[in-house]
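Geometric and topological summary
Okay, here's what each chain looks like letter by letter:
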2 protein chains.
Amino acid sequence: MAMRMSSLFLRTLRENPADAEVPSHQLLVRAGYIRRVSPGIYTWLPLGLKVLRKVEAVVREEMDAIGAQELLFPALLPRGPYEATGRWAEYGENIFRLTDRRGDDYLLGPTHEEMFTLAVKDLFSSYKDLPLAIYQIQTKYRDEARPRAGILRGREFVMKDSYSFDIDEAGLDRSYQLHRDAYVRIFDRLGFEYVIVQAMAGAMGGSKSEEFLATADNGEDTYVRCPECGYAANVEAVRVPVPDAVDASGTPAAHVEDTPDTPTIETLVAHLESAFPRADGRAWSAADTLKNVVVMLVHPDGTREPLAIGLPGDREVDEKRLGAQVEPARVEPFEEKDFAAHPTLAKGYIGPGVLGAEKASGIRYLLDPRVVEGTAWVTGADEHGHHVVDLVAGRDFTGDGTVEAAEVRPGDACPSCGHALETARGIEMGHVFQLGTKYAEALDLRVLDENGKLRTVVMGSYGVGVSRAVACVAESNHDELGLVWPRELAPADVHVVATGKDDAVFTVGEELTRELEAAGVEVLFDDRRQASPGVKFKDAELIGVPTLVVVGRGLAQGSVEVRDRRSGERREVATGDAVAAVLAEVGRS
Amino acid sequence: MAMRMSSLFLRTLRENPADAEVPSHQLLVRAGYIRRVSPGIYTWLPLGLKVLRKVEAVVREEMDAIGAQELLFPALLPRGPYEATGRWAEYGENIFRLTDRRGDDYLLGPTHEEMFTLAVKDLFSSYKDLPLAIYQIQTKYRDEARPRAGILRGREFVMKDSYSFDIDEAGLDRSYQLHRDAYVRIFDRLGFEYVIVQAMAGAMGGSKSEEFLATADNGEDTYVRCPECGYAANVEAVRVPVPDAVDASGTPAAHVEDTPDTPTIETLVAHLESAFPRADGRAWSAADTLKNVVVMLVHPDGTREPLAIGLPGDREVDEKRLGAQVEPARVEPFEEKDFAAHPTLAKGYIGPGVLGAEKASGIRYLLDPRVVEGTAWVTGADEHGHHVVDLVAGRDFTGDGTVEAAEVRPGDACPSCGHALETARGIEMGHVFQLGTKYAEALDLRVLDENGKLRTVVMGSYGVGVSRAVACVAESNHDELGLVWPRELAPADVHVVATGKDDAVFTVGEELTRELEAAGVEVLFDDRRQASPGVKFKDAELIGVPTLVVVGRGLAQGSVEVRDRRSGERREVATGDAVAAVLAEVGRS
């Protein structure tokens with residue numbers, strides 16, 4: 001049934017809604033695709049639901065094409081399995097929790113690793129049943145701290161999540177590649193620019209992890225790319241190229257110096273420059289100093305553990321990078337009361353002298369990978385107003401390991417080829433991830449192998465943000481007048497606009513609508529008698545159906561106008577040829 | 001893509017699951033359509049999801065055909081609108097409630113009256129925008145006290161709910177009829193027996209309310225039907241035919257009698273028979289007595305109000321009927337402590353003497369409609385061991401009104417024609433309901449009428465239990481071997497079974513599968529090499545695809561067998577004619 005503007009459940013708005021900052025949010029609300037119910041929770045109006053279903057159809061087709069089987073888990077899930085994997089605690093405030101009338105705990109599923117794993121355990125028992133790929137397209141829930149940008153980051157949203165199950169790592173590699181290829185086809189069809197970046201690998205088993213990021217200046221995710229070799233990674237996954245060890249035989253013995261009132265890197269560098277000018281005339285820089293930052297890790301079981309990070313003074317700790325390294329622990333600031341509990345820490349003058357599990361503070365101490373053996377540093381002397389100079393890594397101090405927690409900057413060396421990296425922003429639209437045996441082990445998913453022995457199943461995890469994709473497509477497909485949908489995702493194939501007061505335009509518009517529908521074309525027909533041509537065109541531009549047919553003034557001369565929304569191109573077509581012309585436009589001729 | 005038994009995410013079970021009592025639950029689990037996650041919460045496995053989607057498609061087609069527009073509201077809903085209509089309190093323990101990280105209250109939507117009403121208020125403002133019908137097919141939640149029978153009464157389930165919006169009652173009548181007609185088409189297509197019964201009308205505005213009940217001996221809903229005139233109603237909606245007033249001029253004055261140890265109707269009748277035999281020889285019966293039952297109403301705001309019901313002693317109070325009358329209040333038992341708080345009530349001997357808002361107890365007193373003016377009763381004298389005889393309604397006592405709370409029994413008179421009613425059981429599958437202005441008033445949904453005056457919109461509410469329909473279809477379409485799906489809802493059009501060890505059967509089965517798929521037929525192909533023919537046939541019978549093609553022994557003679565699952569009919573078809581034969585069977589030739 002054609003949609004008719006005279007009765008369509010739609011009101012377009014001329015002004016942007018007050019809470020909408022990004023174009024997709026503004027336009028999807030203004031053009032009547034979505035309406036906000038609550039923070040991060042939206043209603044899909046008829047036009048929006050059509051686009052959502054078309055995105056789902058693209059995803060479903062490509063999943064089915066690689067032999068993945070669709071099923072549907074509940075959204076309301078019992079606590080038990082999430083307790084078994086530790087995620088009931090790990091999720092913290094990020095999930096919605098509730099209690100039923102019997103007092104049993106439930107959550108609203110944010111992802112379904114546990115359910116997929118248990119379903120396979122329930123049904124399958126032999127290597128002969130593998131490989132298996134199963135998926136669902138489902139409404140998911142996360143209690144985001146900052147829901148934003150309409151459906152880009154919602155609290156109730158639609159995701160496609162699939163999982164692969166294999167008997168071994170080689171099988172996982174194959175399943176992973178199948179999904180990765182399917183994702184390339186999906187995102188090619190959805191019609192926005194994207195980049196595939198390396199992402200953090202899992203803590204257990206498996207190693208590959210890649211994200212599909214839609215490139216967007218207002219995206220929440222920062223990634224780096226190398227214009228030389230094509231390397232791309234999200235900031236969490238960037239591995240700093242480790243410099244070669246330095247010959248420190250010419251470096252003097254470490255010496256403690258008076259550095260009064262230098263609790264910051266800036267004050268320290270200024271003091272060094274005035275009090276200890278270098279013999280060779282090189283200026284002191286922040287990069288010559290070793291900054292030691294202490295944070296508090298909160299583990300899922302609630303225990304708190306201080307952690308110190310030593311990194312070059314010209315770099316800040318990147319919270320996201322650190323967070324990804326210490327997962328599932330959470331990072332919190334090290335507060336005054338924490339300093340009070342650790343009296344060996346001289347705030348502003350902390351040095352390797354007290355750090356490290358074996359040293360005075362007992363605090364675990366991880367070093368930036370740039371702090372290689374033989375490098376000399378100016379760093380805190382663990383005493384207020386004092387720093388130590390010519391402290392050499394490996395000779396004078398060591399850490400308990402390394403950590404990738406320092407910020408990544410444009411111009412940093414590409415880990416793959418050494419060329420200067422660029423940074424850019426994007427929106428995470430998909431993730432392919434070798435889970436390995438994490439969930440299979442936690443939930444005891446084992447099958448008999450060809451020798452009759454029980455073997456833990458190896459899993460892959462693959463997600464697409466389906467409702468987010470609607471926003472993302474809108475973000476990449478609009479102009480100053482409104483939305484411009486790719487043909488495959490548009491709420492209708494053609495928008496027939498009858499303009500003027502003459503009955504004939506409505507009669508011909510109606511006939512055209514009927515003939516197009518009979519030919520399998522989805523039509524949005526603007527049959528409103530009262531609205532002016534200006535209002536109708538503004539609405540049509542805002543709504544963004546790719547092809548417009550205007551039945552108006554030309555009708556007297558026996559023609560209608562066919563417009564292309566994207567290019568703005570217009571041409572007159574004889575009324576009798578209109579159906580054929582539209583079929584050609586929409587690719588159905 | 002054809003489903004292949006060798007890789008399908010399916011395991012059939014030979015035994016019924018322990019918790020499954022009704023056939024649909026047993027068979028849907030055994031045949032691998034659904035799996036239980038938690039009480040009343042199920043996973044849809046691949047075969048089940050296909051059936052669910054086909055039921056959805058039937059419902060969607062018929063909704064679209066009457067011009068209803070599909071949209072999709074969230075399931076996670078803010079408390080505010082439900083507070084405005086009073087339903088936040090009314091739902092009591094029957095909904096899932098939760099609090100987000102900011103401390104705001106939410107519920108999981110059990111129905112969406114509030115959301116639909118607010119959406120229309122948000123977008124529309126004039127009588128010119130009406131009539132409007134909008135609907136969604138969505139996952140809903142109810143914290144049922146007793147989830148049962150698999151997906152027949154779940155806590156997470158799929159419903160189609162639609163609402164109509166009209167400027168006046170005449171419009172509502174038209175919208176109601178459109179929906180009712182669409183429901184007839186939907187339930188005719190779904191392939192189970194059903195009956196349309198009168199149901200309780202709303203408290204405000206509107207008057208028509210009908211339920212579509214699937215007839216089922218194990219159904220939860222009891223309804224009555226008249227074999228004479230076709231009247232049908234659920235028990236809540238039955239209206240007792242009110243007898244004519246009786247001339248009581250010959251009835252003696254009421255007299256109190258000693259009736260020691262007669263706290264029950266049985267003991268009272270026995271005592272009357274022995275101590276006060278009637279002059280005309282008629283035996284005393286329970287129907288001559290007036291039983292006064294006191295219950296406690298709990299209103300949504302938590303206040304508790306005692307209510308007394310006077311009804312003939314041969315009838316019990318029907319909890320469902322009483323509950324429907326006093327909604328949104330809830331009925332609880334009148335406990336010992338409540339008796340203690342009302343000392344005028346002589347338990348077992350309560351009579352009209354103290355009942356009634358103006359009398360000693362101050363308790364509201366409602367009478368069964370059979371207690372008409374002039375009828376004489378034996379009832380409690382409000383004193384232990386005493387009853388009053390010849391107490392005449394209207395002459396000696398009155399109530400504060402009437403109430404339809406007495407049980408309905410087979411043989412009761414049809415309210416429409418007087419013939420004896422029958423009772424039967426069914427499962428509520430659909431409900432069409434004239435809501436009137438209840439929600440529009442609570443949420444202030446008004447539009448300008450043709451005179452420029454604001455007018456409250458008149459609404460209708462229409463629901464179909466979509467996931468429940470899957471169970472209901474299974475309940476009506478199975479035999480001792482397994483499921484027998486109606487063609488339109490089957491998970492596949494045809495089940496191709498290759499039997500034997502010969503490679504040729506698998507090659508031909510594969511070719512046949514490919515050709516059928518190319519012709520648009522959905523195929524389930526049993527390509528398992530290990531399984532015996534017996535196992536394959538048992539699985540096929542359990543799964544219940546309507547047409548089977550067996551590629552087996554006959555192949556040597558150049559034929560395959562085409563079986564009809566429902567009739568059991570089998571015929572040999574030349575291999576070359578197999579595709580055409582199947583196309584004819586599935587109605588695609």
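Per chain, the residues get numbers from 1 upward, laid out in the order the sequence is written. All chains are assigned letters beginning at A, and all ligands numbers beginning at 1, according to the order in which they are written. Two thresholds apply to this predicted model, a pLDDT of at least 70 for residue-level local features and 80 or more for giving and counting side-chain atom pairs, whereas whole-chain, interface and lining totals are computed over all residues. To obtain the side-chain values, all non-hydrogen atoms of the structure were included, while hydrogens and water were left out.

- Going by what an unreviewed UniProt entry lists, chain A is known as Proline--tRNA ligase and is assigned to Phycicoccus endophyticus.
- UniProt positions are given in the numbering used here, feature names are shortened, and annotations may be inferred rather than shown by experiment. Recorded under Subunit (unreviewed entry), the UniProt text for chain A is reproduced unchanged: "Homodimer."
- The record in UniProt for chain A states the following under Catalytic activity (unreviewed entry): "tRNA(Pro) + L-proline + ATP = L-prolyl-tRNA(Pro) + AMP + diphosphate".

1. Let's talk about the overall build of chain A
- Secondary structure is summarised from DSSP: a helix means a run of H or I of at least four residues, a strand means a run of E of at least two, and numbering begins at the N terminus for each. Across its full length, chain A holds 14 helices and 31 strands.
- For every residue, the accessible area (1.4 Å probe, protein chains only) is compared with the maximum for its type, and the residue is labelled buried under 20%, exposed over 50%, or partly exposed between those bounds. Taking all 589 residues of chain A together, the buried fraction comes to 56%.
- The contact rule is simple, with two residues in contact once any of their heavy atoms fall within 4.5 Å. In chain A, 68% of the contacts between residues at least 6 apart in sequence involve partners at least 24 apart.
- All accessibility values rest on the Shrake-Rupley procedure with a 1.4 Å probe; residue burial counts only the protein chains present in the view. Accessible surface for chain A amounts to roughly 23,800 Å². Of this, 49% is attributable to carbon and sulfur atoms.
- The charge count includes Lys and Arg as positive and Asp and Glu as negative, but it does not include His or the ends of the chains. For charged residues, the charge sits on one atom: NZ in Lys, CZ in Arg, CG in Asp, CD in Glu. One way to put it: in chain A the 66 positive side-chain charges average out to a point 6 Å from where the 95 negative ones average out.

2. Description of the interface of chain B and chain A
- Every contact between the two is made by 56 residues of chain B and, on the other side, 56 residues of chain A.
- Buried area is a sum: the accessible area each of two parts loses on coming together, probed at 1.4 Å, counted once for each and added. Of the roughly 5,200 Å² buried where chain B meets chain A, counting both sides, 58% is carbon and sulfur surface.
- Of all residues in chain B, Phe9(B), Arg101(B) and Leu123(B) bury the most surface against chain A, accounting for 16% of the area lost on that side.
- Between Lys or Arg on one side and Asp or Glu on the other, a salt bridge is scored when a side-chain nitrogen of the former is within 4 Å of a carboxyl oxygen of the latter. For the pair chain B and chain A, the number of links is eight salt bridges.
- The salt bridge partner of Asp122(B) is Arg35(A), with a shortest N-O separation of 2.5 Å.

3. Brief notes about the packing of helix α2 (residues 46-65) of chain A against helix α11 (residues 466-476) of chain A
All names here are of chain A.
- Here the axes come from fitting lines to C-alpha atoms, over the contacting stretch only for helices, and the angles between their N-to-C directions go from 0 to 180 degrees. Two elements in contact, α2 and α11, have axes whose closest approach is 9 Å; the angle formed by their N-to-C orientations is 115 degrees. Taken as axis vectors, α2 and α11 run roughly perpendicular relative to one another. Handedness of the α2/α11 crossing: right-handed. Of the residues in α11, those in contact with Val 51, Leu 52, Val 55, Glu 56 and Val 59 of α2 are Val 466, Ser 467, Ala 469 and Val 470. Every angle not falling under 35 degrees, over 145, or within 65 to 115 is termed oblique; those three ranges are roughly parallel, roughly antiparallel and roughly perpendicular. Helix crossings fall into two classes, left-handed where the near helix is turned counterclockwise from the far one by less than a right angle and right-handed where it is turned clockwise.

4. Re the relation of the copies chain B and chain A
- Least squares is used to superpose the copies, and the fit set is the C-alpha atoms of residues whose pLDDT is at least 70 in both copies. In the superposition of chain B on chain A (RMSD 0.1 Å, axial shift 0.0 Å), the rotation amounts to 180 degrees. Within this description, the copies of the chain are treated as partners about a two-fold rotation axis. Taking C-alpha positions as the reference, the residue of chain B nearest the rotation axis is Leu98(B), at 2.7 Å.
- Counting the interface residues of chain B, we find that 100% of their copies in chain A are interface residues as well, pointing to one common contact surface.

5. Considerations on the pattern of salt bridges
Residues and elements named next belong to chain A.
- Scanning the entire structure with this criterion turns up 97 salt bridges over all chains.
- Here Arg 282 makes a salt bridge to Asp 280, at a shortest N to O gap of 2.8 Å.
- Taking the relative accessible area as the measure of exposure, Arg 282 reaches 47% and is therefore partly exposed.
- Overlapping salt bridges, with partners in common, bring together Glu 61, Glu 62, Arg 185, Arg 189 and Glu 488 in one network.

6. Some details on the sheet that holds strand β29 (residues 547-551) of chain A
All names here are of chain A.
- Pairing between two strands requires that DSSP report at least two bridges joining them. Taken in spatial order, the six strands make up an open sheet running β1-β28-β27-β29-β30-β31, and their pairing is mixed. Two strands in the sheet have a free side with no partner beyond their single neighbour: β1 (3-4) and β31 (570-574).
- Bridge count between strand β27 (residues 494-498) and strand β28 (residues 523-526): four bridges; the pairing is parallel. Across the sheet, the residue bridging to Val 496 is Phe 525, located in β28.
- Here helix α13 (residues 533-543) sits on the sheet and contacts β27, β28, β29 and β30 (559-564); the angle it forms with β27, its principal contact strand, is near 175 degrees.

7. Quick notes on the sheet that holds strand β28 (residues 523-526) of chain B
Residues and elements named next belong to chain B.
- The six strands are arranged β1-β28-β27-β29-β30-β31 in an open sheet whose pairing can be described as mixed. Only two strands of the sheet have a single partner each, and these edge strands are β1 (3-4) and β31 (570-574).
- Of the strand pairs in this sheet, strand β29 (residues 547-551) and strand β30 (residues 559-564) are connected by four bridges, and their pairing is antiparallel. Looking at β30, one finds that Leu 548 is bridged to Arg 563.
- Its contacts with the sheet put helix α13 (residues 533-543) on β27 (494-498), β28, β29 and β30, and the angle it makes with β27 is roughly 175 degrees.

8. Here we look at the pairing of strand β7 (residues 105-108) of chain A
Residues and elements named next belong to chain A.
- The sheet contact formed by strand β5 (residues 76-78) and β7 spans three bridges and is antiparallel. For Pro 78, the partnering residue across the bridge sits in β7 and is Tyr 106.
- Note: strand β6 (residues 97-99) against β7, three bridges, orientation antiparallel. For Thr 99, the partnering residue across the bridge sits in β7 and is Asp 105.
- Taking the residues that link successive antiparallel strands as the turn, the β6-β7 hairpin has five residues, and the phi of Gly 103 there is positive, at about 95 degrees.

9. Remarks on the confidence of the model for chain A
- Confidence of the prediction at every residue is given by pLDDT, a number between 0 and 100. For chain A, the mean per-residue pLDDT works out to 93, and 99% of the residues sit at or above 70.
- Across the predicted assembly, pTM comes out at 0.90 and ipTM at 0.89.

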